[in-house]
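Examining the three-dimensional arrangement
Here are the chains, one letter per residue:
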Amino acid sequence: MSISGCCPGEKSVNDDITKILIFGATGMIGRAVALSAVASPFLEVYGFTRRPEIESFAETNLRGNVLGVEYVIGNMLAYETVLEATKSMDVVFLNTFFWETMSSKIEYTQGYNVVNAAVASGVKHLIYCTTDYNILNNYECPLFEAKARLSNYIVYTGIPYTLVRISWCYENFLSVFRPHPTSKKDFAIALPMGTNGLNMGCLKDFARCITLIALRPVKTINRTIDLCTTYLTVQQIAEIMNNTFLYYKFFDPQISLKEYQRLDFSGAKELTAMFHHYQTQSAWDTQSMTKYDFTPIIFEEWVVKFKQEFKQILEEQIVENAHYLEVSKSPIQRAFPTVLKKVERITKEKWNKIAYNLQDFLSPWLGTKETQV
């Protein structure tokens, strides 16, 4: 759906076109923002990518590219290429990605280069997708450390900014964090959250809000915005799933942080720290996105809307884990074989393919049909 014309306060037809450059445009979040942004006639959308093998962007929709986006090839670690890309841009959207290198230092350097280039180029508005993690906390969270430091640096530079803190994406349940079969009918939602709730929302809604922030920056300049539509415990998530799927049963296996970290894969420590941080979060304002003049989808509605996609995922999970389901194991052991298998596969590629792993499932709720190769 086009954003233009459906929201009060939208730009008028007499307003100038705004040029927006999206860093991380072929990743999960950046691509969602690109899809949302190209729907507005008031935005001229550019995407920054370092993948020179991707050609003919205007003619194809492969490998996560979005029709209508003009892509610029560069490297966020090469300042000159970033500076060249930001020239003449009005708005820059930045999302840094820890898992590509699993290095907070490299992630920070990438973001630092973009921020400095945006300042040097006179960018009017920098929107950064960040976190509520504080580097002064008494626990470490490498996954969010660079984002916290970059947020502080952005404020320090004096560039007009909006810091957008998005919550857990519903779409995670259809990708890396799928429910995991413990029998042919039972599925564990293996998130080590204990009895704590999880702030959540739909990726498409996050992207739409970010697009509106780019179009109507007056109320969000130099502010931090939390985006969330739902706050649920894992047990409540399982109950919602049970109400939607009568044949399958979902449950919370009550995996502890200590048990999660003992899993033998590269990245277990970082994911454990991430969930530890999520456990410290209180409930965000679940009405935050309604302030942007549209009604975001709540989790119950989202599960129903994508029931068929879920059913396909569950059936695939049963087939993929057939060997484990035939072996008697403890509930904890039986809840995690797919996690181990999937994460080991991703880490062998240093996690740099994680966005592509998600995109197979993204197209239905992002409103596009793609050709996958």
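Anything mentioned here points back to the structure above.
Below: a short report on this structure. This one's a predicted model, so the numbers in the text were calculated from it and none came from an experiment.

**Here's the deal with the environment of Val 72**
Structurally, Val 72 is set in strand β3 (residues 70-73). Judged by its relative accessible area of 24%, Val 72 is partly exposed.

**What to know about the pattern of salt bridges**
Think of it this way: side chains of opposite charge can pair up when their charged atoms draw near. Scanning the model with the defined rule gives eight salt bridges in all. Taking the shortest distance from any N to any O, the salt bridge between Asp 90 and Lys 124 comes out at 3.4 Å. With Asp 90 in the loop between α2 (79-86) and β4 (91-94) and Lys 124 in the loop between α3 (104-120) and β5 (125-130), the pair connects residues that are 34 residues apart, well separated along the chain. Judged by its relative accessible area of 16%, Asp 90 is buried. Among the salt bridges present, the one from Glu 316 reaches Arg 178, with a minimum N-O distance of 4.0 Å. With Glu 316 in helix α10 (residues 307-320) and Arg 178 in the loop between β7 (168-169) and β8 (180-181), this residue pair connects regions lying 138 residues apart in the sequence. Looking at Glu 316, the relative accessible area reads 28%, which means it is partly exposed. Residue classification places Arg 178 among the buried positions, given a relative accessible area of 6%.

**Points about the sheet that holds strand β10 (residues 198-201)**
Taking strand neighbours across the sheet as the criterion, the three strands line up as β7-β10-β12 in an open arrangement whose pairing is mixed. A single partner strand is all that each edge strand has here, and the edge strands are β7 and β12 (230-232). Sheet analysis places β7 next to β10, joined by two bridges and oriented parallel. Its bridge partner lying in β10, Cys 169 is registered against Gly 201.

**Examining the packing of aromatic side chains**
Counted according to the given criterion, the structure contains 25 aromatic pairs. Between Phe 245 and Phe 250 the ring centres are 5.7 Å apart and the planes differ by 55 degrees, which places this aromatic pair in the tilted class. The exposure class assigned to Phe 250 is buried, which follows from its relative accessible area of 2%. A ring pair is formed by Phe 299 and Trp 302, whose centres lie 6.0 Å apart and whose planes are at 20 degrees; its orientation type is stacked. One end of the pair is Phe 299 and the other is Trp 302, both in helix α9 (residues 299-305) and three residues apart, which spans about a single turn.

Each value, and the rule that gives it
Residues numbered from 1 in each chain as written. Predicted model: local features only at pLDDT ≥ 70, side-chain atom pairs only at ≥ 80, totals over all residues. Heavy atoms only, no water. Helix = DSSP H or I, 4+ residues; strand = E, 2+ residues; numbered from the N terminus. Buried < 20%, exposed > 50% of the residue type's maximum accessible area, 1.4 Å probe, protein only. Salt bridge = Lys/Arg side-chain N within 4 Å of Asp/Glu carboxyl O. Pairing = 2+ DSSP bridges. Phe/Tyr/Trp six-rings, centres within 6.5 Å; stacked < 30°, edge-to-face > 60°.

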